[in-house]
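Chain by chain, the residues:
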Amino acid sequence: MGIVRFFKRLAFPGTLLVAQSSEGTASGLGPTDWSVLRAPLTDADRVLLSETHVWLRSVPRAFHPRQFCLQFPRAANRLAKAWHDPVQVDRLLTDLLSDHRGDRTGFPPRIVDELKLLRQYHEHPREAWQYVLTVAKRAQPTRTGTTA
């Protein structure tokens, strides 16, 4: 692999990578195959690591990203590893919740909601708890005057 092709495969945050056509020339017109550019999956990327389980136990249950962890263990492992670095967590959640590439299909709505709630908890825990309590109160059925 030539040095030019090597550097074209590197992904820098906020930059647009150019897809390689089958002839090996750059074509900026078609969609980029990000699976080729992403590091290959390892066994550790397919399951939640023990450190991620420890992290989940430190997060209150109301904010657990259950579906995110089940469906995207690789990203959940990265988030757990970065959890104690606010700048890195903010950057990672921003990358997960926004489309810098222009062609992402995105996460399912339930996962997006989990990530947004987790972000709110990480940035402003008190406000996040208030939000969860408000939603829980709305979900409870109200009792009208019942007679015995």
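Throughout what follows, the structure given in this document is the object of discussion. Just so it is clear, the model here is predicted, and its values are computed rather than measured.

With that out of the way, let us pick up the overall build of the chain. The helix and strand tally for the chain stands at 8 helices and 2 strands. In the chain, the succession of α and β elements from N to C terminus is α-β-β-α-α-α-α-α-α-α. Sequence separation of 24 or more characterises 55% of the internal contacts of the chain that already satisfy a separation of 6 or more. Per element, the accessible surface of the chain, about 11100 Å² overall, is 57% carbon and sulfur.

With that settled, consider the packing of aromatic side chains. Each aromatic ring pair is specified by the distance between its two centres and by the angle formed by the two planes. Scanning all chains against the criterion turns up 6 aromatic pairs. These aromatic residues form a ring-pair network of at least three members: Phe63, Tyr121 and Trp129.

This part is about the packing of helix α7 (residues 109-123) against helix α8 (residues 125-139). It is the contact of α7 with α8, at a shortest axis distance of 5 Å, that shows an interaxial angle of 135°. The orientation of α7 with respect to α8, classified from their angle, is oblique. Packed against α7, whose contacting residues are Leu117, Gln120, Tyr121, His122 and Glu123, the element α8 presents Pro125, Glu127, Ala128, Trp129, Tyr131 and Val132 at the interface.

Quick look at the environment of Ala128 now. Turning to its location among the elements, Ala128 is positioned in helix α8. Of the residues examined, Ala128 reaches a relative accessible area of 0% and is grouped as buried. Here the alpha-carbon distance between Ala128 and Ala62, two residues 66 residues apart in the chain, equals 9.6 Å. If sequence neighbours within four positions are ignored, Ala128 has contacts with Phe63, Gln120 and Tyr121.

With that settled, consider helix α3 (residues 50-58). Along α3, the positions that sit buried rather than exposed are Thr52, Trp55 and Leu56. Summarising the axial view, the buried residues of α3 lie within an arc of 100°, below the 170-degree limit, and thus occupy one face. Away from its buried face, by an angle of more than 90 degrees, α3 presents the exposed residues Ser50, Glu51 and Arg57. Of the surrounding elements, those touching the buried residues of α3 are α4 (66-71), α5 (73-82) and α7.

What follows deals with the pattern of salt bridges. With the rule as written, the count across this model stands at 2 salt bridges. A salt bridge links Arg119 to Asp90; the nearest nitrogen and oxygen atoms lie 3.8 Å apart. You can see Arg119 sitting in helix α7 and its partner Asp90 sitting in helix α6 (residues 86-97), a full 29 residues away along the chain. Exposure remark for Asp90: the relative accessible area of 36% places this residue in the partly exposed category. Between Arg119 and Glu123 there is a salt bridge, with its nearest N and O atoms 3.7 Å apart.

Residue position: Leu56 is located in helix α3. A C-alpha to C-alpha distance of 9.3 Å links Leu56 and Arg66, two positions 10 residues apart in sequence. Those residues in contact with Leu56, other than ones at most four positions away along the chain, are Leu48, His64, Pro65 and Cys69.

With that settled, consider the side chain of His64. With respect to the element layout, His64 can be found in the loop between α3 and α4. The exposure class assigned to His64 is buried, which follows from its relative accessible area of 19%. Polar contacts involving the side chain of His64 include one to the main-chain carbonyl oxygen of Val59, which spans 2.9 Å. Ignoring any residue separated from it by four or fewer positions in sequence, one finds His64 in contact with Leu56, Val59 and Glu114.

Procedures and definitions
- Residues numbered from 1 in each chain as written.
- Predicted model: local features only at pLDDT ≥ 70, side-chain atom pairs only at ≥ 80, totals over all residues.
- Heavy atoms only, no water.
- Helix = DSSP H or I, 4+ residues; strand = E, 2+ residues; numbered from the N terminus.
- Contact = heavy atoms within 4.5 Å.
- Areas by Shrake-Rupley, 256 points an atom, 1.4 Å probe, with all protein chains shown as cover.
- Phe/Tyr/Trp six-rings, centres within 6.5 Å; stacked < 30°, edge-to-face > 60°.
- Axes fitted to C-alpha atoms, helices over the stretch in contact; angles between N-to-C directions.
- Parallel < 35°, antiparallel > 145°, perpendicular 65-115°, else oblique.
- Buried < 20%, exposed > 50% of the residue type's maximum accessible area, 1.4 Å probe, protein only.
- Arc of directions from axis to C-beta.
- Salt bridge = Lys/Arg side-chain N within 4 Å of Asp/Glu carboxyl O.
- Polar contact = N/O pair within 3.5 Å; in protein donor to acceptor, adjacent residues only side chain to side chain.

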